Amino acid sequence: MVHIGGARMIEVGTVLDEKIFYIDRALLKQYADASGDQNPIHQNEEFAVSVGLPNVIAHGMLTMALVGKYVSDFAGGSAKVIEYSARFIKPVIVPLGEKVDLTVSATVAEITDGKISISLSATSAGVKVLGMAKAVVRQ
Amino acid sequence: MLNPDSVGSTFAGTDSITVSQSDIDAFCAVIGENDTTIAPPTFTIRITLTQFEEILTRPEVGLDWSRLVHGDQKFEIFIPVKAGDQLTCAATIESYRVAAGNEIVSVRSDLHKGSELAISAWSTLVVRA
């Protein structure tokens, strides 16, 4: 058992608290401006449908950034995050006027040598959107 | 189609990029991060993807960026990024294959702060058939 983020005790197999982020079209615009990724599939429904998507979709990297916030919170700050990876398996679909969920949880996978590995789960509308998502943080 | 001869090539970024506090602030605002003294773990994707686009769409490399989707992403962070950091980016095309008509390209970005490696980032990019 080790301490993380203050008094919290964790061990391999500990399931971390779930956190729900909400994504709407305004957040997609905000991320587009913050990241420089102005691909219209993330803002323009007509365009998104024209290229075969069901609707406007969130940037995969926005999903990863939000899950990254979950990782930073667990680690006790962004400076402690040393590895972070994910596969984009399904898009987060963001219909006009809706706030869709991004539900994040994690399980402690390994504790070794001052490092903690966590295996992350991210779903939206019940659909798994990230695959093989994991992070390594410094204790 | 990507020119297979470009696989294994490393392309150095021409200029260093100075990280601004306002860029970190804008990124933190999106994800609800209150601590803006350190860039969030995925912050540097902007620098990395901009350079990948610049390199991969060169005529001698030949990728079609307009049909591209992001397959996966990995970061290894050796030095956390802060405002004022000057970063240089070197990108390497690590592998390339075609599966069911989709082009699958793996690229690595190494961001250096001075002579020290700050962040390595790996992206798998897929050009849809």
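Residues numbered from 1 in each chain as written. Chains lettered and ligands numbered in written order. Predicted model: local features only at pLDDT ≥ 70, side-chain atom pairs only at ≥ 80, totals over all residues. Heavy atoms only, no water.

Asks: Talk me through the overall build of chain B; I want residue IDs and the actual numbers.
Replies: Along the backbone of chain B there are two helices and six strands. Moving toward the C terminus, one meets the helices and strands of chain B in the order β-β-α-α-β-β-β-β. Against the compact-globule benchmark of 14 Å for 129 residues, chain B has a radius of gyration of 15 Å, which places it among compact chains. Principal-axis analysis of the C-alpha atoms gives chain B an extent of 45 × 30 × 20 Å. Here chain B holds 129 residues, and 47% of them are scored as buried. Taking the contacts inside chain B whose residues are at least 6 apart along the sequence as the reference set, 68% of them involve residues at least 24 apart. Put simply, chain B shows about 5800 Å² of open surface, and 51% of that area lies on carbon and sulfur atoms. Side-chain charges in chain B split into 9 positive and 17 negative, and the spacing between the mean points of these groups amounts to 4 Å. (Helix = DSSP H or I, 4+ residues; strand = E, 2+ residues; numbered from the N terminus. Rg over C-alpha atoms; globule rule 2.2 N^0.38 Å. Buried < 20%, exposed > 50% of the residue type's maximum accessible area, 1.4 Å probe, protein only. Contact = heavy atoms within 4.5 Å. Areas by Shrake-Rupley, 256 points an atom, 1.4 Å probe, with all protein chains shown as cover. Lys, Arg positive; Asp, Glu negative; His and termini not counted. Charge placed at Lys NZ, Arg CZ, Asp CG, Glu CD.)

Asks: Quick one: what's the story with the confidence of the model for chain B, residue by residue and with numbers?
Replies: Detailed reading of predicted coordinates is not advised where the pLDDT is low. On average, residues of chain B score 92 in pLDDT, and 99% of them are at 70 or above. Mean pLDDT per element in chain B: strand β1 (residues 10-12) of chain B is the minimum at 84, and helix α1 (residues 21-31) of chain B is the maximum at 98. (pLDDT = per-residue confidence, 0-100.)

Asks: Describe the nonpolar core, and please don't skip the residues or the numbers.
Replies: A general feature of soluble globular proteins is that nonpolar side chains tend to end up buried together. Counting residues in hydrophobic clusters, the biggest one holds 76 residues, and the most contacted among them are A:Ile23, A:Ile118, A:Leu120 and B:Leu56. With 10 residues, the top contributor of residues to this core is helix α3 (residues 60-75) of chain A. For A:Ile118, the contacting residues outside a window of four places in its chain are A:Leu16, A:Val71, A:Phe74, A:Ala106, A:Thr107, A:Val108, A:Ala109, A:Ala133, A:Lys134 and A:Ala135. (Core = buried A, V, L, I, M, F, W, Y, C linked by side-chain atoms within 4.5 Å.)

Asks: Describe the packing of aromatic side chains, with residues and values.
Replies: Tallied over the full model, the rule gives two aromatic pairs over all chains. For the pair A:Tyr31 and B:Phe27, a centre-to-centre distance of 5.7 Å together with 65 degrees between the ring planes defines the contact as edge-to-face. Linking A:Tyr31 in helix α1 (residues 25-35) with B:Phe27 in helix α1, this pair reaches from one chain into another. A relative accessible area of 2% places A:Tyr31 in the buried class. (Phe/Tyr/Trp six-rings, centres within 6.5 Å; stacked < 30°, edge-to-face > 60°.)

Asks: Account for helix α2 (residues 45-56) of chain B, naming residues and giving values.
Replies: Helix length check: α2(B), at 12 residues, gives a terminal C-alpha distance of 16 Å against a target of 16 Å (1.5 Å per residue), a fit within 8%. By the burial criterion, the buried members of α2(B) are B:Ile45, B:Ile47, B:Thr48, B:Leu49, B:Gln51, B:Phe52, B:Ile55 and B:Leu56. (Expected span 1.5 Å × (residues − 1).)

Asks: Describe the pattern of salt bridges, listing the residues and the values that go with them.
Replies: Here the structure, examined in full by the defined rule, presents 12 salt bridges over all chains. A salt bridge links A:Lys19 to A:Asp73, with the shortest nitrogen-to-oxygen separation between them at 3.9 Å. Separated by 54 residues along the polypeptide, A:Lys19 in strand β3 (residues 15-23) and A:Asp73 in helix α3 bring together distant segments of the chain. Among the salt bridges present, the one from B:Glu54 reaches B:Arg58, with a minimum N-O distance of 3.1 Å. Accessibility expressed as a relative area gives 42% for B:Glu54, which makes it partly exposed. Given a relative accessible area of 24%, B:Arg58 falls into the partly exposed group. Three or more residues joined by partner-sharing salt bridges are found here, namely A:Lys19, A:Lys69, A:Asp73 and B:Glu33. (Salt bridge = Lys/Arg side-chain N within 4 Å of Asp/Glu carboxyl O.)

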